[in-house]
Amino acid sequence: MLNIEQLSFWERKSFFENNDFLIVGGGIVGCSTAYHLKINYPKAKIVLLERGYLPSGASTKNAGFASFGGPVELIEDLKKQDAKLVWDTVQARYEGLVYLRELIGDKFLDFQQNGGWDLISPYQTNVADDVRNQLEYLNDEFVRITGNKGFQEDKSAIKRFGFSGLDTAFKINLEGQIDTGKMMQRFNQLLHVLGVVVLNGISVLAVDESNVTVKTSIGDIKSANIIITTNGFTSQLLKNIAVQPARAQVLVTSPIPDLKIKGTFHYDAGYYYFRNFENRILFGGARNLDFEGETTYEMVTTPKIQKRLKELLKTMIIPNTAFSIDYQWSGIMGLGESKYPIIEKISNHVAVGARLGGIGVALGTNVGKKVADLF
Ligand SMILES: Cc1cc2nc3c(=O)[nH]c(=O)nc-3n(C[C@H](O)[C@H](O)[C@H](O)COP(=O)(O)OP(=O)(O)OC[C@H]3O[C@@H](n4cnc5c(N)ncnc54)[C@H](O)[C@@H]3O)c2cc1C
């Protein structure tokens, strides 16, 4: 690949010089940041650098759950974190989804509100009891944030969807699902129309905060302002920003005739999640089988986790059903101490929007807006 110094005068002038804003990372947050900067500063020259030929983190690889968090996960979070932070995060997810739908449009997202369910096995009766005991409180908070009742027990869902080996379920009324690929295509169309320069295949190797410059795989690029939206990879560039990479693996089955399952489903405190896509099942999770191994930047699938996903498909999700696996992949999330993202300026001209966690589809658009509003 040519170095910037070997490029023509025109190329350097149009694509690499006199940048007002340089954004690193082309996922939901990077795209939303670029979009909102262009709205705030229509005349600004905005360049977005993405190292993959497609975005290569989480935004094109996720499961497409449009969720705010189910009761089981919320109760777990409430045990570990301050209640205000937990509910502020739920609010940020809710408002983020409303805004994503407004910005991209339900048609382009293929948004469907089929509901979500937290599934409970007979070995987790204490979990079910916890949810029952706190259901009123959870719903009160949910009504305060969304105006709607969030959750109710729905035991009959187990039989209705044809699951095996499960005891009960709690319905998450407002949960929806999207087509992740279509969402990112639309984001890219919007950026193109607005005149944001999107350059794929360029890796940022280091950020020089004092000179407001990035060192890249094709040479140094200067900008008046730099914004890092690299989520799970952020600590590779900014050592002081604590974001841990967390790999998540997924598979998609072959089409299943007369599939009863429609909606989004969480199991084992959200460590497993599956949904229908038309008449296929998309199934992800099992990171808790190997936390250490899954704390990695390497985007591959592993036999241990894929085997567990297939077992649960056969025994619990679609028992007595013939299927094969048509797709398997992994993506990298960004986790940390809190589930609330980092949105901050780390110097006068350098900002970060990162640590989107496992429910970043909901948060991403608003995080991008908030990052843009820092300037
Ligand atoms: C398998 C999986 C399933 C998920 N399921 C869901 C779900 O159902 N619902 C939900 O809400 N969330 C889900 N998530 C989480 C959600 O996808 C993320 O929180 C969200 O996409 C994060 O967006 P982002 O823009 O911050 O990061 P990313 O999409 O990871 O974008 C960061 C970008 O930065 C680029 N980059 C990194 N380093 C560099 C560098 N040095 N130079 C140039 N570019 C760089 C990467 O290639 C990447 O494209 C899931 C995540 C995974 C992995």
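With that settled, the discussion passes to the site of the ligand. Around the ligand, the structure places 42 residues, and the nearest of them are G25, G27, G57, G331 and G360. Secondary-structure elements contributing two or more residues to the shell around the ligand are helix 2 (28–40), strand 2 (46–50), strand 12 (244–253), strand 16 (325–335) and helix 12 (360–372). Looking at which element gives the most residues to the shell around the ligand, the answer is helix 12, with four residues. Residue composition of the shell around the ligand, grouped by class: 18 nonpolar, 21 polar and three charged. Two domains each provide a minimum of three residues to the shell around the ligand, namely domain 1 (15–61 + 181–243 + 338–372) and domain 2 (109–176 + 244–334).

For helix 3 (residues 71–80), the complete set of buried residues consists of P71, V72, E73, L74, I75 and D77. In the core, the buried residues of helix 3 are packed alongside helix 4 (83–104), strand 4 (116–120), helix 6 (125–146), strand 5 (151–153), strand 6 (168–172) and strand 13 (264–267).

Let us look at the pairing of strand 10 (residues 213–216). Burial along strand 10 is one-sided: the residues V214 and T216 are buried and none of T213 and K215 is. Strand direction decides the pairing type here: strand 9 (residues 204–208) and strand 10, joined by four bridges, are antiparallel. Looking at strand 10, one finds that V207 is bridged to V214. Between the end of strand 9 and the start of strand 10, which pair antiparallel, lie four residues, with V212 showing a positive phi angle near 45 degrees. Pairing of strand 10 with strand 11 (residues 219–228), which is carried by four bridges, proceeds in the antiparallel orientation. Bridged to T213 within strand 11 is K222. As consecutive antiparallel partners, strand 10 and strand 11 are separated by two residues.

When cut into domains, the chain gives domain 1 (15–61 + 181–243 + 338–372) and domain 2 (109–176 + 244–334). Measuring from the centre of the C-alpha atoms in domain 1 to the corresponding centre in domain 2 gives 30 Å. The interface of domain 1 with domain 2 comprises 15 residues on the first partner and twelve residues on the second. Here the side of domain 1 that touches domain 2 is composed, by residue class, of six nonpolar, six polar and three charged.

Turning our attention to the environment of Y41. Inspection of the secondary structure puts Y41 in the loop between helix 2 and strand 2. Separated by 331 residues in the primary sequence, Y41 and A372 have C-alpha atoms spaced 9.8 Å apart.

About the thresholds
- Residues numbered from 1 in each chain as written.
- Predicted model: local features only at pLDDT ≥ 70, side-chain atom pairs only at ≥ 80, totals over all residues.
- Near = placed C-beta within 6 Å.
- Helix = DSSP H or I, 4+ residues; strand = E, 2+ residues; numbered from the N terminus.
- Nonpolar A, V, L, I, M, F, W, Y, C, P; charged D, E, K, R; others polar.
- Domains from an automatic or database assignment.
- Buried ≥ 20, exposed ≤ 12 C-beta atoms within 10 Å, placed from the backbone.
- Contact = placed C-beta atoms within 7 Å.
- Pairing = 2+ DSSP bridges.

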